Every structure is written in structure tokens, then in C-alpha cells.
Amino acid sequence: MKILLLMNYNGYHGREYMSALLKNKITFDVILIKNNNTLKYNNLEDKRTNSNWQPEDLEKMIDKVENHYCYKSIEDPELLNHLNHSKYQIGIQGGGLGIINKKLIDKFSLGLLNFHPGDLPEYRGSSAPEWQILEGKEIIATCHLIDESIDTGDIIGKKKLNLNYSDYFKMRADIYPQISLFLIEVIFQIIKNKGIKILKKQNENDAIYRKYIGDEVIENLKVKMKRKIIF
């Protein structure tokens, strides 16, 4: 099975996934996109987690990867040429890459995977974890195939995450380390089945895109979590 991790250079999400893949001795290649988004996304995660999330250093891991390549953007023609030549079966979206065009998606014969910290399709958007908690639910992550829209592709699987709900920052810091465990489960299942089994297609009648929840609501949520009055 030819697997590619596609990630922003030094991005937290991709580093977490890379660490998990290496620890589980899964053979994969990495493509690093060197753009200006990484610092913005990492700073956002530092704010969300109070810097409690510190994935393993990229430089300590990269030489352990089968093959790794750098490109300027996901629109780089050289990237598409590489994908044409390499014929990957599975892609893993390592975070912060924005909307990926169909030409790139179609380069993966089985599909390009995304792991979203929300129960799709009811919880779309970057504040999906907070909305689930506010509505009295534990956080469920969804693995889905990427299509040309955001959080809309066919669902591969779901998993309730084992998180610390007594502290907002620790909860946020635990999300992607927990999702990385889910990633490994999905990859091993794909390897075992020699393909992807679709759990279900998303019903757009049930879809809700959850807007950013707001700093004031988050501050109230932090207090409720410390007082253990969220569920």
C-alpha cells in the first residue's frame, strides 16, 4: 500500500500524524508544503491549547521517513508531476492546506483522507469540538474522504475521543494525539481490507456548519469545565 502524508512544513497536525505512523512502523512518504500558513495555524493551536500541545520535532523524524519532498504550494505543477509518477493509493491530509482541488484529489487511487474533530455531518467547522461539548456531547472524530468542499466527503469511520474534560486547554491539546490513534486504526484497516470501505455518505439535510463559537463563549466553557458542569 503506497501511502502519502501531505502536510504544511512543520505543521502541528502533520507532525502528530508523522509521529504516529513512524511509531507503528507504517511505510509512507511525506510531502511538505512550504508556504506562509504554518506559523498562523501553529499560533492558533498554541492559543487553543495554551501551548500544551507540542508534537515531536519534524527534524528528528524526517530522516526516518521512506521518502520526503518539498514543494512551494499544493498548486505547484511539480507536485502534480510527482503524484502522477508516484501513483499513491492513500493520501492523508496533514492539516492547514485549505481546499484541495480535484486534480490533486484524483491522484490517489483509493482516496485522500481527512480526520475532523467533529461528528459529521452535524458538526462541521473549526469549532466543532466546542459545539459538541456545549450541546452536552463528548467529542467524536470523523474520518472522511476529501472532496472539493469542506467536511463533506464520504465517511470512513467515527471514534469517540478519550479526552480530559476537566480543563479546556488540556482537552484541546489531547484532540490530535487522540486522532492520530484513530488514524492508525483506519490505516491498518485499509491495509487489511486492501481498500476503503465507505461507512456512509453524508446526508446534507443533517449538515450544520458551526461558525466560530466566539471568545466569550469559550471563556464561559473553560469555567464550566473546571466546575465539571458540562455533561
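Check the entry above for the structure.
Residues numbered from 1 in each chain as written. Predicted model: local features only at pLDDT ≥ 70, side-chain atom pairs only at ≥ 80, totals over all residues. Heavy atoms only, no water.

Quick look at unusual backbone geometry
Residue Pro 121 follows Leu 120 across a cis peptide bond; omega there is 5 degrees. Here Pro 121 is to be found in the loop between strand 5 (111-116) and helix 6 (128-134). The residue Lys 25 is not glycine, and still its phi comes out positive at about 55 degrees. Note that Lys 25 resides in the loop between helix 1 (12-23) and strand 2 (29-33). Given a relative accessible area of 75%, Lys 25 falls into the exposed group. Phi is positive for Lys 194, which is not a glycine, with a value near 55 degrees. Along the chain, Lys 194 turns up in the loop between helix 7 (168-193) and helix 8 (215-226). Its relative accessible area of 73% is what places Lys 194 among the exposed residues. (Helix = DSSP H or I, 4+ residues; strand = E, 2+ residues; numbered from the N terminus. Buried < 20%, exposed > 50% of the residue type's maximum accessible area, 1.4 Å probe, protein only.)

Comments concerning helix 4 (residues 77-86)
Every buried residue of helix 4 is accounted for by Leu 79, Leu 80, His 82, Leu 83 and Ser 86. Buried residues along helix 4 cover an arc of 155 degrees about the axis, so they all sit on one side. Projecting away from the buried face of helix 4 at angles above 90 degrees are the exposed residues Pro 77 and His 85. Elements in contact with the buried residues of helix 4: strand 1 (3-8), strand 2, strand 3 (67-71) and helix 5 (102-105). If you check the start of helix 4, you find a side-chain oxygen 2.9 Å away from the backbone N of Glu 78, and it comes from Asp 76. Phi for Lys 87, located one or two positions after helix 4, is positive at around 55 degrees. (Arc of directions from axis to C-beta. Contact = heavy atoms within 4.5 Å. Polar contact = N/O pair within 3.5 Å; in protein donor to acceptor, adjacent residues only side chain to side chain.)

Let's talk about the nonpolar core
Leu 5, Met 18, Ile 92, Leu 113, Phe 115 and Met 171 are the most contacted members of the largest nonpolar core, which has 48 residues in total. At 12 residues, the largest contribution of residues to this core is made by helix 7. Contacts of Met 18, omitting those with residues within four sequence positions, involve Leu 5, Met 7, Phe 28, Val 30, Leu 58, Met 61, Ile 62 and Val 65. One finds Leu 79, Ile 100, Leu 104 and Leu 112 within the second-largest nonpolar core, a separate group that totals 17 residues. (Core = buried A, V, L, I, M, F, W, Y, C linked by side-chain atoms within 4.5 Å.)

Section: the pairing of strand 2
For a regular strand, the rule is simple: side chains alternate between the two faces of the sheet. With respect to burial, strand 2 is a largely interior element, five of its five residues being buried. Neither face of strand 2 is open: one carries Asp 29, Ile 31 and Ile 33, the other Val 30 and Leu 32, and all of them are buried. Here five bridges tie strand 1 to strand 2, and the two strands are oriented parallel to one another. The partner of Leu 4 across the bridge, within strand 2, is Asp 29. Read as a crossover between parallel neighbours, the route from strand 1 over helix 1 to strand 2 is right-handed. Relative to strand 3, strand 2 is paired through five bridges, and the arrangement is parallel. The residue of strand 3 that forms the bridge with Leu 32 is Cys 70. (Pairing = 2+ DSSP bridges. Right-handed = clockwise from strand over helix to strand, strands pointing away.)

By themselves, these figures tell us nothing about what the structure is for.
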